[in-house]
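Descriptive analysis of the structure
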Amino acid sequence: MNRQPQVTEQTRAHLMQAFWELYLEKPIDKITIREITDRAGYNRATFYLHYRDVYDLFEQLENGILTQIGKLVNDRLLTEETLDFSNHMGFIVQLAERFNGFMPRLLASDPSFAARLKAIITPLLDHFIIPAGTLTPDEQDILREFYASGLLSAITAWMSLRERMPIDQFVALIVRTLAPGADSGDAPAQ
């Protein structure tokens, strides 16, 4: 039985976890490969089997998160006529829990991550929130930025709460704000 793919994924996960622990303590430019490998229990050669440098590891970490969020948006949420938060709550909860420790730090410390995340959620805004045909392109751009920035800030604030409200309450609050009159089950399509 070939366990190499599992071992490789486990090694990568350990290296990423070690990096993440260090990244929570200090800026990326102060993190060394030696610190990562010592913390993860590997040698430098093992690190270089998977990553070019610390920035490559960081980029792969971000890309992994954004790919999963993009998959949820494109494969689940954008295929519907209405944005049904109740139906998609399992996926939203799973992503929120999985990236719980990452998102606030990434959104606060890496403007390119926030910009890339906004690009992923913009189609949701265009499809479900921003009225089609009634606004000029400039007005649509302003509303996109307003909603995307507000949503990301709200997610960051929610994830940073010591006593976090349940996700269904958080989602209901956002839905009531974005689409007054809609319940947490459906936000009207435009």
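Residues numbered from 1 in each chain as written. Predicted model: local features only at pLDDT ≥ 70, side-chain atom pairs only at ≥ 80, totals over all residues. Heavy atoms only, no water.

1. Describing the overall build of the chain
For the chain, the helix and strand inventory stands at nine helices and zero strands. Scanning the chain from its N terminus toward the C terminus, one meets helices and strands in the order α-α-α-α-α-α-α-α-α. Across the 190 residues of the chain, 40% fall into the buried class. When contacts within the chain are restricted to residue pairs at least 6 apart in sequence, those whose partners lie at least 24 apart make up 63%. When the accessible surface of the chain is summed, it comes to about 10900 Å², and 54% of that surface belongs to carbon and sulfur atoms. (Helix = DSSP H or I, 4+ residues; strand = E, 2+ residues; numbered from the N terminus. Buried < 20%, exposed > 50% of the residue type's maximum accessible area, 1.4 Å probe, protein only. Contact = heavy atoms within 4.5 Å. Areas by Shrake-Rupley, 256 points an atom, 1.4 Å probe, with all protein chains shown as cover.)

2. Considerations on the nonpolar core
Membership of the largest hydrophobic core comes to 49 residues, with the highest contact counts inside it found for F19, I36, I65 and M103. Among the secondary structure elements, those contributing two or more residues to this core are α1 (4-25), α2 (33-40), α4 (54-77), α6 (103-109), α7 (111-129), α8 (137-160) and α9 (167-178). Among residues more than four places away in sequence, those in contact with I65 are F99, F102, M103, L106 and F113. (Core = buried A, V, L, I, M, F, W, Y, C linked by side-chain atoms within 4.5 Å.)

3. A closer look at the pattern of salt bridges
Under the counting rule described, the total for this entry stands at 10 salt bridges. E35 is the partner of K26 in a salt bridge, and the nearest nitrogen-oxygen pair spans 2.4 Å. For E35, a relative accessible area of 26% puts it in the partly exposed group. Ionic contacts of the salt-bridge type, sharing partners, join the residues E21, E25 and R39 into one network. (Salt bridge = Lys/Arg side-chain N within 4 Å of Asp/Glu carboxyl O.)

4. Overview of the side chain of T37
One can find T37 in helix α2. Polar contacts involving the side chain of T37 include one to the main-chain carbonyl oxygen of R34, which spans 3.1 Å. What T37 contacts, discounting residues up to four positions off in sequence, is L15, Y42, N43, R44 and F47. (Polar contact = N/O pair within 3.5 Å; in protein donor to acceptor, adjacent residues only side chain to side chain.)

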